[in-house]
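Per-entry structural report
These are the residues of each chain, in order.
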Amino acid sequence: MSPPVVRHADLLRLRDEFPLLAASVYLNTCSLGARSERSRRRLDAFLADWDELGARAWYKRWLDELDRLRDDFGAIIGVAGPEIALAPSVSAALAVVASALDPLHRGDPAALERLASAGVPAGHAPRTRVVTTALDFPTVGHQWLARAPLGVELVVVPSPDGLTVPLDAFAAAIDERTALVATSHAYFTTGAVNELRPLADLCHERGALLLIDAYQATGIVPTDVVVAGIDVYVSGTLKWLFGGPGTAFAWVRPALHDALRPTTTGWFSSANQFAFAVDELAFATDGRRYELGTPSVPSAAIARGGLEVVREAGVERLGERTRDLGDLLIGLADDAGLAVRAVRSAAQRGGVVPIAVPEPKPVVDALAAEGIIVDFRPGVVRCSPAFYNTEDEVRLLVDRLVAHVPATERRVS
Ligand SMILES: Cc1ncc(COP(=O)(O)O)c(C=O)c1O
């Protein structure tokens, strides 16, 4: 079979902006995206403002920078910046959102009523369950495992093929006890993409909410959260947004703001933050109601460099190139007799291409010693070419995988 055409080679013009790509064959964006020189320039500007302005930098520069960061995120998922809540990590964003569900778990009549008014017919009985899947990132499930003492039960839907979770499997797990389905847009180990609209409709029919952890999709899977019909979207800049650690965000469907009142909070969530009223809490009417304390401005500066690249290149094109490189990798790995554990259809895949290897760590270490950077999860070498990688880098990866994975360990399921 002829190799797939890898589109958008013009995006390689941005490659020189990423120093890491000169230092290694970097195929691990699903763990940490490389950073561009734009991030360094923005970080330098942050430091210069600090030195020049001191605390005045908050009002002259930094609060505005944080608003621009909210705008950048909003533009990627089809909403206005003020609908975005900033967070230092996806886990922190989830903790705030999870706190807002506690009244539903308790069966608080007013909270259930507010949810019904927002179009989610939650009924009158306590909604004690949260549904997630065996393929989701642990921090998602942990939010509700931590609530076991409050009577909250986590239901983990298994994956029949180890790659995906079909809609039917979700349907079998969602009932009148379900407050929330919390799952990924693209799974972190397998890269499989969930179709959001049918899942959102299913949840709403049964009076449950849908939360999407999109960390492995934002930046490569074009998404309009309003069209998708979801209730909560969380993501961050570590990976496919090339914006480093320290910056994440949450979006909650505005119609739900009244129904989802956080019980974990901080002063950035107040409507009138600078009134400094210790004895009064009125939540902001926009996305800020889900924020905590002072955001990390240097992280925001670095993040905005990555987001500028994403905006310039376009999520559609970034996604197409990423998946084309994935197709190339899958085809070459198949030909070489490696055990590819990815979804075959590019339309249902994010950026992760797992190759099954019983003992992946020594393989990943051997590749690293040759300057080829990938990572591992139990039973798989996780490969993730991004837009800035070349076809030759993908070919080299497959060649060296073949060299390091003993023939006896290639065909495992
Ligand atoms: C799908 C997914 N969700 C969540 C996380 C972790 O998010 P955080 O460390 O910001 O809480 C990761 C990666 O680290 C991830 O891949």
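Residues numbered from 1 in each chain as written. Predicted model: local features only at pLDDT ≥ 70, side-chain atom pairs only at ≥ 80, totals over all residues. Heavy atoms only, no water.

Let us look at the overall build of the chain. Along the backbone of the chain there are 13 helices and 13 strands. Taking 2.2 N^0.38 as the reference for a compact globule, 413 residues should give roughly 22 Å; the C-alpha atoms of the chain span a radius of gyration of 22 Å, in line with that estimate. Expressed as lengths along the three principal axes of its C-alpha atoms, the size of the chain is roughly 65 × 60 × 35 Å. Looking at the chain as a whole, 55% of its 413 residues qualify as buried. (Helix = DSSP H or I, 4+ residues; strand = E, 2+ residues; numbered from the N terminus. Rg over C-alpha atoms; globule rule 2.2 N^0.38 Å. Buried < 20%, exposed > 50% of the residue type's maximum accessible area, 1.4 Å probe, protein only.)

Taken together, the residues surrounding the ligand are S89, V90, S91, F137, F188, D213, Y215, Q216 and K239. Within the side chain of K239, a nitrogen or oxygen atom sits 3.1 Å from an oxygen atom of the ligand. Contact with the protein chains hides 85% of the accessible area of the ligand, taken as 400 Å² for the molecule alone. Here the shell around the ligand is built from residues that sort into four nonpolar, three polar and two charged. (Near = heavy atom within 4 Å. Polar contact = N/O pair within 3.5 Å; in protein donor to acceptor, adjacent residues only side chain to side chain. Areas by Shrake-Rupley, 256 points an atom, 1.4 Å probe, with all protein chains shown as cover. Nonpolar A, V, L, I, M, F, W, Y, C, P; charged D, E, K, R; others polar.)

Scanning the entire structure with this criterion turns up 36 salt bridges. For E312, the salt bridge goes to R13, with nearest N and O atoms at 3.6 Å. On the criterion of sequence distance, the pair formed by E312 in helix α10 (residues 297-313) and R13 in the segment before α1 (20-23) is long-range, its members being 299 residues apart. E312 gets classed as partly exposed once you look at its relative accessible area, which sits at 41%. Here R147 and D102 are joined by a salt bridge, their closest N and O atoms 2.7 Å apart. Of the two residues, R147 sits in the loop between α6 (138-145) and β4 (153-157) while D102 sits in helix α4 (residues 90-106), which places them 45 residues apart along the sequence. Taken together, the shared-partner salt bridges in this structure form one network comprising D10, R13, E17, R38, R42, E308, E312 and R317. (Salt bridge = Lys/Arg side-chain N within 4 Å of Asp/Glu carboxyl O.)

So, on to the pairing of strand β3 (residues 129-133). Of all five residues in β3, five are buried; the element is thus mostly enclosed. Across the two faces of β3 the burial is the same, with R129, V131 and T133 and V130 and T132 all buried. Bridging between β3 and β4 involves five bridges; their strand directions are parallel. Bridging across to β4, V131 finds its partner in V155. One crossover worth recording links β3 to the parallel β4 by way of α6, and it is right-handed. Judged from the three bridges that link them, β3 and strand β5 (residues 178-184) form a sheet pairing that is parallel. Residue pairing in the sheet places V131 in a bridge with V181 of β5. (Pairing = 2+ DSSP bridges. Right-handed = clockwise from strand over helix to strand, strands pointing away.)

Within this structure, the stated rule accounts for one cavity of 30 Å³ or more. Considering only enclosed or pocket space, the largest cavity measures out at about 30 Å³ in volume. Forming the walls of the largest cavity are A85, L86, A87, A93, F249, A250, Y290, E291 and L292. The set of elements that each furnish at least two residues to the lining of the largest cavity consists of β2 (84-87) and β8 (248-252). Ranked by residue count, the leading element in the lining of the largest cavity is β2, at three residues. Here the lining of the largest cavity is composed, by residue class, of eight nonpolar, no polar and one charged. (1 Å grid on protein atoms, 1.4 Å probe; cavity = no way out; pocket = protein on both sides within 12 Å on 5 of 7 lines; lining within 4 Å. Points joined across faces, edges and corners; volume = space filled by probe spheres on them.)

Read these as spatial facts, not as claims about activity.
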